[in-house]
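Each chain, letter by letter, is given below.
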Amino acid sequence: MSNTNGLTNRINERYSKMSKGQKLLASYITDYYDKAVFLTASKLGEVVGVSESTVVRFATQLGYKGYPEFQKALEEMVRDKLSSMERMEITYGRVRQSKILESVLQSDMEKLKHTLERMDSNAFEMAVDTILSARRIYVVGIRSCAPLAAFLAFYLNLMFDDVRQLQTNNSSEIFEQMARIGKEDAIIGISFPRYSMRTLKALEFANNRNAKVITLTDSVHSPMNLYSSCNLIADSDMASIVDSLVAPLSVINALIVALCMRKQDEVADTLESLEEIWDEYQVDGKDEIDYIDDSLKMHYAKIGDMDV
């Protein structure tokens, strides 16, 4: 990953000019980065055998504004190498239990802000145009990204005639479902660290068949972009046992809204038709809860009326 290379390169480039104490720090961090990430400047100095001020100078000599910024870079360096519980400890281990809700929501808001700041508007418009012009639209997202793919596919199905969400447990099933993909089609691949090899293979296969490839991922350095002509970048967070995919979902929402605005008449006709279907076929079996006279009235389909 780029963050790992960034910190490692800084250490390697400046190593020859470091003091003896700083070289001890560099060696310890290189060998025990998974332990160093949990240490304060004072504790790190104590473990290595140097002063706290030496630790701070070491961080600034590497080009960071101070130890907190250096520690953040170190967190990024080890993030993908740690277990889920260790990743959670990095981000939330120093947060009081009563502040977890606030901390998580604040973190998600920062990811949304960062995603907005670095989103390529031209790439976004290209994605919209590509989807609108596609004969057939494929959507793929594996593991934690599967709900995002399902959400996107659900709304695309309201707007387009041929939308296919790839449902698979192995690579061979992916190719079977994509057997007819061609140059007039488009595929949207959603993947965040740890990246899915099945998703990557699906995008490679689509690219080899000259289909248009759109990716929603976390970085320009993501392997998903190897076969993509249109990259949508959104912040994700693998710091806890639950992946934070708030920003990617927001980008998907924006994509759906943009497509709806471009296909207003068709969407209106589809929704009107659905309303008529719901009225006709769900009179005796509404999947809803109605509040009447402060009591709940629930509608269930009668067993005798159901097709067996």
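The rules behind these values
- The numbers attached to residues start from 1 for each chain and follow its sequence in the written order.
- Two thresholds apply to this predicted model, a pLDDT of at least 70 for residue-level local features and 80 or more for giving and counting side-chain atom pairs, whereas whole-chain, interface and lining totals are computed over all residues.
- Note: side-chain values were computed over all heavy atoms of the structure, leaving out hydrogens and water.
- Each helix corresponds to a stretch of at least 4 residues labelled H or I by DSSP, and each strand to a stretch of at least 2 residues labelled E; elements are numbered beginning at the N terminus.
- The classification of residues rests on relative accessible area computed with a 1.4 Å probe and restricted to protein chains. Under 20% of the type maximum is buried, over 50% is exposed, and intermediate values are partly exposed.
- Computed by Shrake-Rupley with a 1.4 Å probe, the accessible areas treat only the displayed protein chains as cover when residues are assessed.
- The contact rule is simple, with two residues in contact once any of their heavy atoms fall within 4.5 Å.
- Polar contact is defined as a pair of N or O atoms within 3.5 Å, subject to the rule that within protein one atom must be able to donate a hydrogen and the other to accept it, and that residues adjacent in sequence are counted only when both atoms are side-chain atoms.
- The term nonpolar core refers to a set of buried residues drawn from Ala, Val, Leu, Ile, Met, Phe, Trp, Tyr and Cys, joined through side-chain atoms within 4.5 Å.
- Two strands pair under a simple rule: DSSP has to find at least two bridges between them.
- Every axis in this analysis is a line fitted to C-alpha atoms, fitted for helices over the stretch in contact. Angles between the N-to-C directions lie between 0 and 180 degrees.
- Each residue after the first adds 1.5 Å to the expected span of a helix.
- The arc in question is the one traced by the directions running from the helix axis out to the C-beta atoms.
- Here pLDDT means the predictor's own confidence in every residue, given as a number from 0 to 100.
- We define a salt bridge as a side-chain nitrogen of Lys or Arg found within 4 Å of a carboxyl oxygen belonging to Asp or Glu.
- By convention, a crossover is right-handed whenever its connection, traced from the first strand over the helix to the second and viewed with the strands pointing away, goes clockwise.

S.K.: Residue-level account of the overall build of the protein, with values.
M.R.: In terms of regular secondary structure, the protein is built from 14 helices and seven strands. Residues counted as buried form 39% of the 308 residues belonging to the protein. Accessible area of the protein: about 17900 Å², with a carbon and sulfur share of 51%.

S.K.: So what about the environment of Ser219? Which residues, and what values?
M.R.: Within the secondary structure, Ser219 sits in the loop between β4 (212-217) and β5 (230-233). Here the alpha-carbon distance between Ser219 and Ile233, two residues 14 residues apart in the chain, equals 5.8 Å. For Ser219, the contacting residues outside a window of four places in its chain are Asn225 and Ile233.

S.K.: So what's going on with the side chain of Gln22? Residues and values would help.
M.R.: Residue placement: Gln22 occurs in helix α2 (residues 20-31). Polar contacts involving the side chain of Gln22 include one to the main-chain amide nitrogen of Ser19, which spans 3.2 Å. With residues near it in sequence (within four places) discarded, Gln22 still touches Thr54, Arg57, Phe58 and Gln61.

S.K.: I'd love a proper account of the nonpolar core, names of residues and values included.
M.R.: Core analysis: the largest hydrophobic core is formed by 35 residues, its most contacted members being Ile131, Ile137, Val139, Leu156, Ile188 and Ile190. Elements supplying a minimum of two residues to this core: α9 (121-133), β1 (137-141), α10 (146-159), β3 (186-190), β4, β5 and α13 (246-262). Per-element tally for this core: the top contributor is α13, with seven residues. Not counting chain neighbours up to four residues away, the residues in contact with Val139 comprise Ala149, Leu152, Ala153, Leu156, Val163, Arg164, Gln165, Leu166 and Ile188. Formed by 24 residues, the second largest nonpolar core is a distinct cluster that contains Ala26, Leu39, Val55 and Ala73.

S.K.: Quick one: what's the story with the sheet that holds β1, residue by residue and with numbers?
M.R.: Within a sheet, neighbouring strands are paired by backbone hydrogen bonds and run either parallel or antiparallel to one another. Spatially, five strands are ordered β2-β1-β3-β4-β5 in an open sheet, and the strand pairing comes out parallel. A strand with exactly one partner marks an edge of an open sheet, and here the two such strands are β2 (163-165) and β5. Neighbour-to-neighbour, the strand axes of this sheet turn through a mean angle of 15 degrees, independent of strand direction. As paired elements, β4 and β5 share four bridges and run parallel to each other.

S.K.: Break down α9 for me, with residues and values.
M.R.: Over its 13 residues, α9 extends 19 Å from the first C-alpha to the last, a length consistent with the 18 Å expected when each residue adds 1.5 Å. Three or more residues of α9 are buried, namely Ala123, Phe124, Ala127, Val128, Thr130 and Ile131. Taken end-on, α9 shows its buried residues confined to a sector of 165 degrees, consistent with a single buried face. Exposed residues on α9 whose side chains face more than 90 degrees from its buried face are Asn122 and Ser133. On its buried face, α9 is in contact with β1, α10, β3, β4, β5 and α13. Between the side-chain oxygen of the N-cap and the backbone nitrogen of Asn122 there are 2.9 Å, and the N-cap of α9 in question is Asp120.

S.K.: How would you explain the confidence of the model for the protein if you had to name every residue and give the values?
M.R.: Per-residue confidence for the protein averages 80 on the pLDDT scale, and 78% of its residues sit at or above 70. For the protein, the element scoring lowest by mean pLDDT is strand β7 (residues 295-298), at 47; β1 scores highest, at 95. Taken as a whole, residues 1-5 scores under 50 in pLDDT and shows seven contacts with residues more than four places along the chain or in a different chain. Note on residues 295-304: pLDDT under 50 across the span, and 16 contacts to partners over four residues away in sequence or across chains.

S.K.: Explain the pattern of salt bridges to me, and be specific about the residues and the numbers.
M.R.: Across all of its chains, the model carries nine salt bridges by this definition. Between Glu184 and Arg135 there is a salt bridge, with its nearest N and O atoms 3.6 Å apart. Of the two residues, Glu184 is situated in the loop between α11 (171-177) and β3 and Arg135 in the loop between α9 and β1; the sequence distance between them amounts to 49 residues. Exposure remark for Glu184: the relative accessible area of 45% places this residue in the partly exposed category. With a closest N to O distance of 3.1 Å, Asp162 and Arg136 form a salt bridge. Pair noted here: Asp162 is in the loop between α10 and β2 and Arg136 is in the loop between α9 and β1, with a separation of 26 residues, a long-range link. On the basis of relative accessible area, Arg136 is assigned to the buried category, the value being 11%. Each of the salt bridges in this network shares a partner with another, and the network as a whole consists of Arg135, Arg136, Asp162, Arg164, Glu184 and Asp185.

S.K.: Quick one: what's the story with the pairing of β3, residue by residue and with numbers?
M.R.: For β3, the tally of buried residues reaches five of five residues, placing the bulk of the element in the interior. Here β3 shows no split at all, with Ala186, Ile188 and Ile190 on one side and Ile187 and Gly189 on the other all buried. Relative to β3, β1 runs parallel, the two being bridged by five bridges. Considered in β3, the bridge of Tyr138 is made with Ile187. Where β3 meets β4, five bridges bridge the pair, whose relative direction is parallel. Bridged to Gly189 within β4 is Thr215. Read as a crossover between parallel neighbours, the route from β3 over helix α12 (residues 197-208) to β4 is right-handed.

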